[in-house]
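Coordinate analysis (summary)
Take a look at the letters that make up each chain.
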Amino acid sequence: MVKDLNVHGDVAEQRLRAFFDGMTDGVQLCELITDDEGHAVDVLILDVNSACERHTGITREQAVGRRVSAVLAPVEPEWLLRYGEVVRTQKVVCCDEYSAAHAQWFRVCANSMGGNNFSLVFRDITETKLRELESIPFKSIVTSSDDAIMSKSLDGIVTSWNPGAQAMFGYRADEIVGCHIGMLFPPARLDEEVTILGRIRDGERLVPFESVRLHKDGTAIDVLVTISPIHDENGKIIGASKVARNVSDRRRSDDALRESVSRFEKAIESLQEGVVLHNQDGKIDFCNPSMERILGLTAAQLKGLSATDAQWNIIHDDGSDFAQEDHPATVSLSQGIAQHGTVMGIHKPSGELTWISVNSVPLGPSEKPTGVITNMKGHRKSPSRSEE
C-alpha cells in the first residue's frame, strides 16, 4: 500500500509540473522582500516555468532562489509599489512593464498567493508596444496619425476630425463636425463628458485615462484618451484637443492573462490531492480546498501554522510519535532534499485520525530553499507493517 501511495503522490506532482510548464504565458512564483519597516525592497524568485525561461532567456537554475535585482537589474520602484499593492490588497493587477535588462516590454498580471508571495503571469509584447510608441503623436493635431484626433468646443461640439478618427469610429468628418461629442459615448458614460468639459474649463490637463466609446455601428471600443485644453491668442481656453487610441487588443490580452491566472488557480483547486505552500520560515501561506478537507481546518486556520506545529499530533504508521524535525516539509526546507511517500497519521480537530501520504519539494537552491510545496493524499485506513 505504501508503494501505491508513493505512485499517487508522484503522479500528482508530475501533473502539476506538466501543467505549469505547459502554459504558453511565462509564470514566476515570487516573494516580496521587505525591510524592517515593511517597505518593499526587492523580489525573490521562487519558481519559474518553461515559458518564462523562453521569454527572458534566463534558465530556472539561474533564476530560482535569487533576487530579481541579482538576476536582472535593480527592481524599478514602480514595480515594487505595484507588487506591494497586490500583496496588501490581494487583487489582480495588470500592467505593461519594460525590462531594461532585456530591452523588452511585457504585459504582466500579478496575483497574490498569500503572505508576501505572489505570482506573475506575463507575455512578450515588445513588437506591439514599439508600434504603439512609434505612433504616439507629438503635436496636438496630426492628420496623418492612426490615432483618432479631434477637437471640440467647451460645449462639446466637434470642431475637427482626422482620418484616424474616421477609421476608428466610422463617421466621416462631414457627418460629425458640428455635432455633439456625446454621440460617441455609451449612455452610461455621458456624465463622464460633463466632468471632462468642466475640468477643461478650469484649465486642467487631464492625465491619460482608459474608457469606452461607440463606433457608428454601435460596437463598443476600448480607448486610451488624452485630452488637452486649446487656447486662443489671448490665452483663453476655447476648447479641447482629444487623442483616442484603440486599446481593445490590449484589453483582450489582459482578459487572456487573467484567464491564464484563473486556469492555474482552478487547476490547483481542482486537485484531489491537498497542496500547501510553506514560506522560508516554514509557515503556511497557501493551501487548496482539498488540503482543508484532509486536515479538517479552513485556509484561514491553516495560514501561519508550520508543519511542526504541536497541534497536529502526528504519528507513524506503527503508532509511535512522529518527531517534528522528521516531517517531510521540515526536511525539505532544512536540507533542500525532496521527500516522497512519507506515510503519517494526523488527528483532526474533531479527534478523527486521518492517514495521509506526503510529498514535499523544496523551492529555490538546495543549499538554501526559499519555500516548500507539499502535497498530501488522504487514505481511509492505516497501512500495516505487513502491507509495506
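Keep in mind the model is a prediction, meaning the values are calculated, not measured. (Residues numbered from 1 in each chain as written. Predicted model: local features only at pLDDT ≥ 70, side-chain atom pairs only at ≥ 80, totals over all residues. Heavy atoms only, no water.)

**So, the overall build of the chain**
Here is the rule we go by: Secondary structure elements are taken from DSSP: a helix is a run of H or I of four residues or more, a strand is a run of E of two residues or more, and numbering for both begins at the N terminus. The buried label goes to any residue with under 20% of its type's maximum accessible area, the exposed label to any with over 50%, and the partly exposed label to all in between, with areas taken from a 1.4 Å probe on protein chains only. Two residues form a contact once any of their heavy atoms are found within 4.5 Å. What sets the accessible areas is the Shrake-Rupley method with a 1.4 Å probe; for residues, cover comes only from the shown protein chains.
A tally of helices and strands in the chain yields 13 helices and 16 strands. Among the 388 residues that make up the chain, the fraction classed as buried is 47%. In the chain, the proportion of contacts linking residues at least 24 apart, taken out of those at least 6 apart, comes to 48%. Surface accessibility of the chain: about 19200 Å² in total, with carbon and sulfur atoms responsible for 51%.

**What to know about the sheet that holds strand S6 (residues 148–153)**
Heads up, the rule is: Here a strand pair is declared whenever DSSP counts at least two bridges between the two strands. To get an axis, fit a line to the C-alpha atoms, keeping to the stretch in contact for a helix; angles then go from 0 to 180 degrees between the N-to-C directions.
With antiparallel pairing, 5 strands are arranged side by side in an open sheet as S7-S6-S10-S9-S8. The sheet is open, and its two edges are formed by strand S7 (158–161) and strand S8 (209–214), each paired on a single side. Within the sheet, the average angular offset between the axes of one strand and its neighbour, ignoring direction, is 35 degrees. Pairing of S6 with strand S10 (residues 237–246), which is carried by 6 bridges, proceeds in the antiparallel orientation. Residue pairing across strands places Ala148 opposite Ala244, the latter belonging to S10.

**Some words on the pairing of S10**
The side chains of a regular strand alternate between both faces of the sheet. The element S10 is extensively covered by neighbouring structure, given that 8 of its 10 residues are classed as buried. Bridge analysis of strand S9 (residues 220–231) against S10 gives 9 bridges, and the strand direction is antiparallel. Looking at S10, one finds that Ile230 is bridged to Gly239.

**Description of the packing of aromatic side chains**
Threshold: Pairing of aromatic side chains requires ring centres within 6.5 Å, counting the rings of Phe and Tyr and the six-membered ring of Trp. Pairs whose planes differ by under 30 degrees are stacked, by over 60 edge-to-face, and all others tilted. In this scheme, Lys NZ or Arg CZ marks a charge over a ring once it lies within 6 Å of the ring centre and within 35 degrees of the ring normal.
As enumerated under the stated definition, the model contains 2 aromatic pairs in all. With a centroid separation of 5.9 Å and an interplanar angle of 40 degrees, the aromatic rings of Trp161 and Phe169 are classed as tilted. Since its relative accessible area comes to 10%, Trp161 is described here as buried. Phe169 sits in the buried class, given a relative accessible area of 1%. One residue, Arg213, lies across the ring of Phe185, its end atom 3.8 Å from the ring centre.

None of the figures reported here should be taken as evidence of function without further support.
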